[in-house]
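Per-entry structural report
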Amino acid sequence: MRVFLILILSSLTVFGSEKVIHLYKNGTSFITKDFKVDAKEGFYDLEETPNAIFGTLFMGGNSLESFASIKRNKDLKTPITNQKEFLEMQVGSKIDIVLNKGEKFSGKLLSVFDQWITLESDNGYHTLPISEIYTLTTSKKGGFEKISNIEESVLRVFFKTKGEQKFTLKYLTKNLTWIPNYIIEIDSDDSLVGKISPKKQLAKLKMEAMVVNDSENIENSDFNFMIGAPNFKYNNVTSPFVQNQTLEKFLSELSGQNSYQNYNYSRNLRRENFSNAIMSQSMNNDYSEADTTTTDTTFIGSNEGDMYFYTLKNISLKKGERVMLNVIQQDVPFEHIYESNLPSNEVYQNRYNNQTNKGIEVWHSIKLSNLSNMPWTTGSALVIKNGGVPISQDMLYYTSAGKNSFLKISVAPDIIVTQKDIEESIDSKKATLKNGSWYDLVEVKSVLTIQNHKKESISLSLKRFIIGNLKKSDKDWKFEKLFTDNYYGYWGLNSQNSIEWSLTVDSKKTETINYTYSFYRQR
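Nothing here was measured: the structure is a model prediction, and the numbers come from that model. (Residues numbered from 1 in each chain as written. Predicted model: local features only at pLDDT ≥ 70, side-chain atom pairs only at ≥ 80, totals over all residues. Heavy atoms only, no water.)

Here we take up the side chain of Thr 377. By the element assignment, Thr 377 lies in the loop between β20 (363-369) and β21 (379-385). Taking the relative accessible area as the measure of exposure, Thr 377 reaches 1% and is therefore buried. Here Lys 25 takes part through its side chain, which lies 2.8 Å from a polar atom of the side chain of Thr 377. (Helix = DSSP H or I, 4+ residues; strand = E, 2+ residues; numbered from the N terminus. Buried < 20%, exposed > 50% of the residue type's maximum accessible area, 1.4 Å probe, protein only. Polar contact = N/O pair within 3.5 Å; in protein donor to acceptor, adjacent residues only side chain to side chain.)

Written as structure tokens, this is what we have:
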């Protein structure tokens with residue numbers, strides 16, 4: 001198999017059985033097939049109707065008039081599998097039979113009924129049991145296949161003229177997808193672990209696409225591995241054009257789609273679940289810019305709207321098969337760092353009172369800088385050291401070009417982080433009325449304490465999600481306002497913020513961070 005790595009923005013068009021397939025990570029693919037056929041009677045039959053998603057089956061061509069899913073009769077040849085079927089093929093011919101007890105009969109085979117045959121010989125008519133036949137000789141040639149007339153479904157394409165025609169078939173289908181798997185090799189200098197490196201080291205990043213095909217046979221096709229989060233509203237509704245899809249089932253699926261969509265929407269906050277996250281585009285919550293470093297990348301890229309894709313060419317894969325394809329290989333700057341995701345604050349009535357969090361996990365991680373012109377999509381990531389034993393497996397989240405990503409290596413028990421939220425006051429003068437409920441403004445002072453019991457200084461990243469309005473911090477912080485919803489934000493009273501502190505903590509030292517914020521709480 002010969003494959004190339006290239007980025008393109010539009011589908012290639014080829015004639016014959018070759019295809020262009022856009023593979024999405026949610027189990028859906030968009031297939032484009034270009035045909036060049038001889039429509040002698042003004043129409044052409046495709047032997048199989050695609051298993052298309054509702055509203056996505058389209059055809060195009062200058063001479064195309066219409067297309068329809070029809071039933072037609074067809075003679076089907078199948079091999080003979082038993083003695084009775086063979087005898088049925090010999091009706092009317094002369095045969096010689098020897099029974100188990102040695103009796104011999106010769107003559108014309110007249111009929112086969114149930115488990116008996118009727119034979120006409122010079123001595124008259126004989127009815128013999130099939131089970132007693134020991135040997136059989138016939139003068140008829142062939143007869144090792146039986147022909148059955150069956151009814152089958154085909155997609156018939158009608159044209160305005162007869163003769164050679166060109167047309168294109170496009171559709172979305174299920175059960176053909178790709179899953180990204182990363183392997184990251186670090187040539188680690190242990191003396192740099194935990195320190196702010198004098199210069200960043202380089203890791204070798206490789207991303208492979210595991211293609212799972214439970215849809216249809218694929219030959220000589222171009223695969224576009226899509227990166228992004230498309231909106232396919234009827235992704236779980238099969239087109240009624242597929243004739244094994246009854247009208248009753250189609251209407252049931254269509255009417256149930258809205259409740260499915262609403263249920264799926266209500267689960268958005270649980271997207272960190274591995275199966276959901278890897279099939280979607282879960283964002284890395286780091287938003288800092290990657291430092292500029294010269295690296296060697298083996299691909300170039302571009303985008304079409306909000307979607308990116310890699311292309312591999314000339315792939316063949318039968319239904320039921322899987323394949324691993326190498327998509328990305330690049331050198332990636334990385335550094336060792338320690339990080340901790342702090343618990344978010346509580347904003348519910350009577351739940352928030354001088355809250356202290358101890359035993360917060362601190363992780364030894366590696367910080368990877370994406371300096372390519374393409375994002376990294378969400379996928380599993382295996383970290384190996386010096387080409388040897390794996391030292392960690394984590395999830396690499398969607399990382400935009402020019403941004404950083406973190407992969408956890410191991411827990412660091414000798415770095416202790418404590419967080420304390422102190423409710424300083426409730427300002428009733430700034431209380432507000434929303435949708436029939438009163439909300440008080442709560443002022444909060446927070447203290448972060450970091451103790452480094454290691455023998456060396458460390459680079460530490462602390463992140464926290466806070467619902468409320470940020471005020472000030474005695475250590476530099478970076479923050480990003482995310483979104484405000486009615487459930488957490490109380491109809492716009494509270495913001496939702498992603499915060500990060502980056503600091504150096506010397507060996508055997510303790511650092512503190514003092515900061516303040518406020519939020520509205522329902523009475």
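Picking up after the structure, the text goes on.
As a further point, take the sheet that holds strand β9 (residues 116-121). Read across the open sheet, the five strands follow the order β10-β9-β8-β7-β11; overall the sheet is antiparallel. Lying at the two open borders of the sheet, with one neighbouring strand each, are β10 (124-129) and β11 (133-138). With direction set aside, neighbouring strand axes in the sheet form an average angle of 40 degrees. In this sheet, β9 lies alongside strand β8 (residues 104-113) in antiparallel orientation, the contact comprising five bridges. (Pairing = 2+ DSSP bridges. Axes fitted to C-alpha atoms, helices over the stretch in contact; angles between N-to-C directions.)

Moving on, we come to the nonpolar core. Counting 51 residues, the largest nonpolar core has Ile 184, Val 211, Phe 223, Phe 225, Leu 368 and Leu 396 as its most contacted members. Sort the elements by how many residues they give to this core and strand β18 (residues 322-342) lands first, with six residues. Not counting residues within four places of it along the chain, the set of residues in contact with Leu 396 comprises Tyr 182, Ile 184, Leu 205, Leu 368, Trp 376, Thr 377, Thr 378, Gly 379, Ala 381, Ser 405 and Leu 407. Counting 31 residues, the second-largest nonpolar core is a separate cluster that includes Leu 342, Leu 462, Val 505 and Tyr 517. (Core = buried A, V, L, I, M, F, W, Y, C linked by side-chain atoms within 4.5 Å. Contact = heavy atoms within 4.5 Å.)

Bringing the environment of Thr 78 into the picture now. With respect to the helices and strands, the residue Thr 78 is situated in strand β6 (residues 64-79). Each C-alpha atom, one on Thr 78 and one on Phe 144, is 8.8 Å from the other, the two residues being 66 residues apart in sequence. Residues contacting Thr 78, with those up to four places away along its chain left out, are Glu 145 and Lys 146.

Moving on, we come to the packing of aromatic side chains. Under the criterion given, the structure shown has twelve aromatic pairs. Ring centres of Trp 501 and Tyr 515 lie 4.8 Å apart, and the angle between their planes is 50 degrees; this geometry places the pair in the tilted category. One end of the pair, Trp 501, is in strand β28 (residues 495-505); the other, Tyr 515, is in strand β29 (residues 510-522), with 14 residues separating them in the sequence. By relative accessible area, which is 1% here, Tyr 515 ends up buried. A network of ring pairs unites the aromatic residues Trp 477, Phe 479, Trp 501, Tyr 515 and Tyr 517 as a single cluster. A cation over a ring is seen here: Lys 233 above Tyr 234, with NZ or CZ 5.8 Å from the ring centre. (Phe/Tyr/Trp six-rings, centres within 6.5 Å; stacked < 30°, edge-to-face > 60°. Lys NZ or Arg CZ within 6 Å of the ring centre and 35° of its normal.)

By the definition in use, this model includes 16 salt bridges. A salt bridge links Lys 206 to Glu 208; the nearest nitrogen and oxygen atoms lie 3.3 Å apart. Given a relative accessible area of 26%, Lys 206 falls into the partly exposed group. Here Glu 208 falls in the partly exposed class, since its relative accessible area comes to 23%. Its salt-bridge partner being Lys 313, residue Asp 222 comes within 3.5 Å of it at the nearest N-O pair. Placement of Asp 222 in strand β16 (residues 218-227) and of Lys 313 in strand β17 (residues 308-317) is noted, with a sequence separation of 91 residues between them. The class of Asp 222 is buried, set by a relative accessible area of 8%. According to the relative accessible area criterion, Lys 313 is partly exposed, its value standing at 23%. (Salt bridge = Lys/Arg side-chain N within 4 Å of Asp/Glu carboxyl O.)

The subject of this paragraph is the sheet that holds strand β12 (residues 145-159). Across the sheet, three strands lie side by side as β4-β12-β6; this open sheet has antiparallel pairing. With one partner strand each, in any of the chains shown, β4 (43-46) and β6 form the two edges of the open sheet. Geometrically, the sheet is characterised by an average inter-axis angle of 35 degrees between neighbouring strands, direction not taken into account. For β4 and β12, the ladder comprises four bridges, and the chain directions are antiparallel. Following the sheet pairing, Asp 45 is matched in β12 by Arg 156.

Our next topic: unusual backbone geometry. You will see that Asp 114, though not glycine, has its phi angle at about 55 degrees, which is positive. Here Asp 114 lies in the loop between β8 and β9. According to the relative accessible area criterion, Asp 114 is partly exposed, its value standing at 48%. Look at Lys 508: it is not a glycine, yet its phi comes out positive at around 60 degrees. Mapped onto the elements, Lys 508 comes out in the loop between β28 and β29.

Glancing now at the pairing of strand β24 (residues 415-434). By the bridge criterion, three bridges tie strand β19 (residues 356-360) to β24 in an arrangement that is antiparallel. Across the sheet, residue Ile 360 finds its bridge partner in β24, namely Val 417. As defined by bridge partners, β24 adjoins strand β25 (residues 437-452) across 15 bridges and the pair is classed as antiparallel. Across the sheet, the residue bridging to Glu 423 is Val 444, located in β25. With antiparallel pairing between neighbouring strands as the criterion, β24 and β25 make up a hairpin whose turn holds two residues, including Asn 435 at a positive phi of roughly 50 degrees.

A separate point is the confidence of the model for the chain. Chain-level statistics for the chain give a pLDDT mean of 81 and a share of 81% at 70 or above. Scored below 50 in pLDDT, residues 191-198 shows 20 contacts in the model against residues more than four places distant or in partner chains. Every residue in residues 259-276 scores below 50 in pLDDT, and together they form 15 contacts with partners more than four places removed in sequence or on other chains. (pLDDT = per-residue confidence, 0-100.)

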